[in-house]
Amino acid sequence: MTTDTTVIAPESGNGAARKERISHLIQQHGALMVLFALIVVGTFGFDSFATPENAASVVVASSFTAIIAIGMTFVIISGGIDLSVGSLFVLGGVLAAWGSQYGAVVALLLPLLACGAVGLAQGLLIARTGMAPFIVTLAGLLGVRGLMLAISDEGATTYLVRDRTFAALGQGEILGLTYPVYITIVLALLGMLLLQRTGFGQNVYAIGGNEQAAALMGVPVARTKVYVYLMSGLLAGLAGALNAARLSSGVTILGIGLELDVIAAVVIGGTLLTGGAGGLTGTIAGVLLLGVIQSLINQVGNLTSSFQQVVSGAFLALVVIAQRLLSKAQRL
Amino acid sequence: MAEATTAPSGPPGRLDRARVFIWLQEYGVYAAVLALLAFNVLFTPHFLDAANFRTQLVQVAPIVIVSLGMALVIGTQGIDLSVGSVMALAAAVVVLYLGYGAWPAILMALLAGAVVGAAGGSLVAYVGVQPIVATLALLVGVRGIANVLVPQLKEFRNPDLIALGSGSLLGLPLVVIIAAALTVVVTFLVRRTTFGRQVVAIGGNRAASELSGLPVKRVLLTVYVISGVLAAIAGVLATARLQASDPTSLGQFIELSAITAVVVGGTPLTGGRIRVLSTVMGALLMQLLSATLIKHNLPQSWTQMVQAGIILAAVYATRERGTR
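Computed from a predicted structure; not experimentally measured.

**Student:** So what's going on with the overall build of chain A? Residues and values would help.
**Tutor:** Along the backbone of chain A there are 14 helices and 2 strands. Relative to the 2.2 N^0.38 estimate, which gives 20 Å for 332 residues, the radius of gyration of chain A is 20 Å and therefore close to what a compact globule would have. By its C-alpha atoms, chain A is 65 × 55 × 35 Å across when sized along the principal axes. Considering chain A as a whole, with its 332 residues, one finds that 53% of them fall into the buried category. Within chain A, contacts between residues at least 6 apart in sequence are counted, and of these 77% link residues at least 24 apart.

Here is the structure:
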């Protein structure tokens, strides 16, 4: 986050340096700025927007996407993509609900094991055979969805969560916010530490920036990639399990297509799909931003959820155009 | 094929292995389709019935049409995720303008597809946004627009449009004839026109194409417009067959089927090569596969898992040659 500006700034002229720093700042924190702006608009525009209940509902609804988006940020920074997370999220939920008949521990561990295994397999395929992440995880998307349908009688059986302790994990509240919100916050902080303050995090950036150069410098490219996809799988499974605990059932239809929402949130948060740049602060802001947009549209009332799709799509387009122009400005 | 014959110069064992891979990549899809057909003829009752064939072909036609555009886009190292939403938009637009008659309505739907394609194409070609994000934004936004235009399933009674969906010519469904005709057109476009050469050149090496004076941006834009129009055609045909406009669910996840068809057909995602007929075979293979599994009482879940395996196998086979 800091390296780029400090290294380049002193070399170029004053005006250019300032312009570059500003554009860099917007790229990194643009989502956060827009988020604040929207919250201000919402607060003054709608009476029922800035209420604790509404804020809590936005945050709770965003937490599951946020958990997955943390993993996706690592994947995208490393120059890859993970299309399988939506399917893994659903699979995690179904497995957690099914496993809850054997207790809370099984309900939590089973989805982590299964989704972690899928993530690991995808990581190994990508790192060892050099197949494109897009294709490997597309196969993962289909295969995992098939697996999920197979264990739920083609989606007809909805397993209910049998274990009270496990259900409490998704439904219990502290200060009006459910446990998953706090879990998300802890995971986000851990993710930031991992990304910014460890060798592993630096390796992820290095691989995404220039894989060949990273390999020549001795970065363990294959191993880092495997870890990144493993992490993404684990987090998607965890989000699915927590969601099942929240809903008290393993719903088989929710979460289909979730991978695209997550990718959109990460991109809106300023992480470049080309890899090598980005961060978790932006991702969290991106997830919240999409949540706030949805909430604002709900506030307007007579607008359907279709409008939310239109707005989200337009917003995503604006963000990528802005990012593109900003990164051009930085290269000058 | 030309590179293939010169490439292997190692010991005989390796040569054979390389040859097998090249053969698989070139003809694997055809072999797989033939093998599945043979299996079905032998083991599936009523497989050779005309009615069954008809159903399979009519079902696969929209996927084939969308895949043709996808093959062009992938040939330029791009990807078009918006095709399913374009189908939905075409379905919405076509019923909105049905009052003016079937053909003006269809024209408007194709125009809508072209506009979406142009939007994606401009983002990719002129702004320099990555194809996957540019078309992702359109996937989300355009589906929303389609839903806003036609919020609920809307049935229609226009005889011309219904005839387009369920009519036949010489015993073949119109939908299938149109898909076949478009395949011929796109094949011609890729193999015999300057535009086709330019598309392949840009996909192979964009920088070199730019330096040698090709109109890179314009060609890229055109490719996405073509993909949009083809998706709109698929949307109109699917709507005509349903006899109802269903923007909420029409074309959902068809981008995945189309990408699968292209990849299974052996077109590399790295661009520079477009295999139109193999792409059509890829779509047929997937359709035949799911039909076979269903006929033998294996559920949908199996189909998806087998599809996943086939995608991986196909890409693994293409990978072997792609070391250049």
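Picking up after the structure, the text goes on.
**Student:** Break down the overall build of chain B for me, citing the residues and quoting the values.
**Tutor:** When helices and strands are counted, chain B shows 14 helices and 4 strands. A principal-axis box enclosing the C-alpha atoms of chain B has dimensions of 70 × 55 × 35 Å. Here chain B holds 324 residues, and 49% of them are scored as buried. By sequence separation, contacts in chain B at least 24 residues apart represent 77% of the contacts at least 6 residues apart.

**Student:** So what's going on with the confidence of the model for chain A? Residues and values would help.
**Tutor:** Residue and element names in this part refer to chain A. Averaged over chain A, the pLDDT score is 84; the fraction of residues at 70 or greater is 92%. At the low end of the mean pLDDT range in chain A sits helix α1 (residues 3–8), at 40; at the high end sits helix α11 (residues 221–247), at 93. Within the model, pLDDT remains below 50 along residues 1–12, and this stretch shows 11 contacts once partners closer than five positions in the same chain are excluded.

**Student:** An account of the UniProt feature "transmembrane region" (unreviewed entry) in chain B is needed here, citing residue identities and associated values.
**Tutor:** Residues and elements named next belong to chain B. Listed under "transmembrane region" (unreviewed entry) in the UniProt record, and renumbered for this structure, are residues 27–44, 56–74, 81–100, 106–125, 132–150, 170–190, 219–238 and 250–269. Between the first and last C-alpha atoms of residues 81–100 the distance is 31 Å; the span itself is 70% helix and 0% strand. Within the segment residues 132–150, helix and strand shares are 95% and 0% respectively, and the terminal C-alpha atoms sit 27 Å apart.

**Student:** So, the interface of chain B and chain A: which residues are in play, and what are the values?
**Tutor:** The partner chain A presents 35 residues to the 38 residues of chain B that form the contact. Elements represented by at least two residues in the side of chain B that touches chain A include exactly α5 (102–127), α6 (131–149), α12 (254–264) and α14 (300–321) of chain B. Here the element with the most residues in the side of chain B that touches chain A is α6(B); it accounts for 15 residues. Along the lines of polarity and charge, the residues of the side of chain B that touches chain A split into 27 nonpolar, 9 polar and 2 charged.

**Student:** How would you sum up the environment of Leu68(B)? Please name residues and give values.
**Tutor:** You can see Leu68(B) is positioned in helix α3 (residues 50–75). For Leu68(B) and Ile259(B), which are 191 residues apart along the polypeptide, the C-alpha to C-alpha distance reads 10 Å.

**Student:** Can you tell me about the environment of Pro180(A), naming the residues and giving the values?
**Tutor:** Residues and elements named next belong to chain A. Looking at the secondary structure, you find Pro180 in helix α8 (residues 179–197). The class of Pro180 is buried, set by 26 C-beta atoms lying within 10 Å. Expressed as a C-alpha distance, the spacing of Pro180 and Ile67, which sit 113 residues apart in the sequence, is 9.1 Å. In contact with Pro180, other than residues within four places in its own chain, are Ser63, Phe64, Gly170, Leu242 and Arg246.

**Student:** Any details on the packing of helix α3 (residues 52–77) of chain A against helix α12 (residues 258–268) of chain A? Residues and values, ideally.
**Tutor:** Residue and element names in this part refer to chain A. Axis separation between α3 and α12 bottoms out at 9 Å; the angle between their running directions is 65°. With respect to α12, the axis of α3 lies roughly perpendicular. In the crossing of α3 with α12, the sense of the turn from one axis to the other is right-handed. When α3 is examined against α12, the residues Thr65, Ile68, Ala69, Met72, Thr73 and Ile76 are found in contact with a partner set consisting of Asp261, Val262, Ile263, Ala265 and Val266.

**Student:** Quick rundown of helix α8 (residues 174–192) of chain B? Include the residues and the values.
**Tutor:** Residues and elements named next belong to chain B. End to end, α8 covers 26 Å across 19 residues, agreeing with the expected 27 Å (1.5 Å per residue, within 8%). Listed as buried for α8 are Val175, Val176, Ala179, Val186 and Val190. Within α8, the buried residues cover an arc of 95° as seen down the axis, which keeps them to one side. In this structure, α8 carries Ala181, Val184, Phe188, Arg191 and Arg192 as exposed residues pointing more than 90 degrees from its buried face. Of the surrounding secondary structure, the elements contacted by the buried residues of α8 are α3, α7 (159–166), β3 (172–173), α9 (194–204), α11 (216–242) and α13 (276–295).

Analysis parameters
Residues numbered from 1 in each chain as written. Chains lettered and ligands numbered in written order. Predicted model: local features only at pLDDT ≥ 70, side-chain atom pairs only at ≥ 80, totals over all residues. Helix = DSSP H or I, 4+ residues; strand = E, 2+ residues; numbered from the N terminus. Rg over C-alpha atoms; globule rule 2.2 N^0.38 Å. Buried ≥ 20, exposed ≤ 12 C-beta atoms within 10 Å, placed from the backbone. Contact = placed C-beta atoms within 7 Å. pLDDT = per-residue confidence, 0-100. UniProt positions renumbered as here; feature names shortened; annotations may be inferred. Nonpolar A, V, L, I, M, F, W, Y, C, P; charged D, E, K, R; others polar. Axes fitted to C-alpha atoms, helices over the stretch in contact; angles between N-to-C directions. Parallel < 35°, antiparallel > 145°, perpendicular 65-115°, else oblique. Left-handed = near helix turned anticlockwise from the far one by under 90°. Expected span 1.5 Å × (residues − 1). Arc of directions from axis to C-beta.

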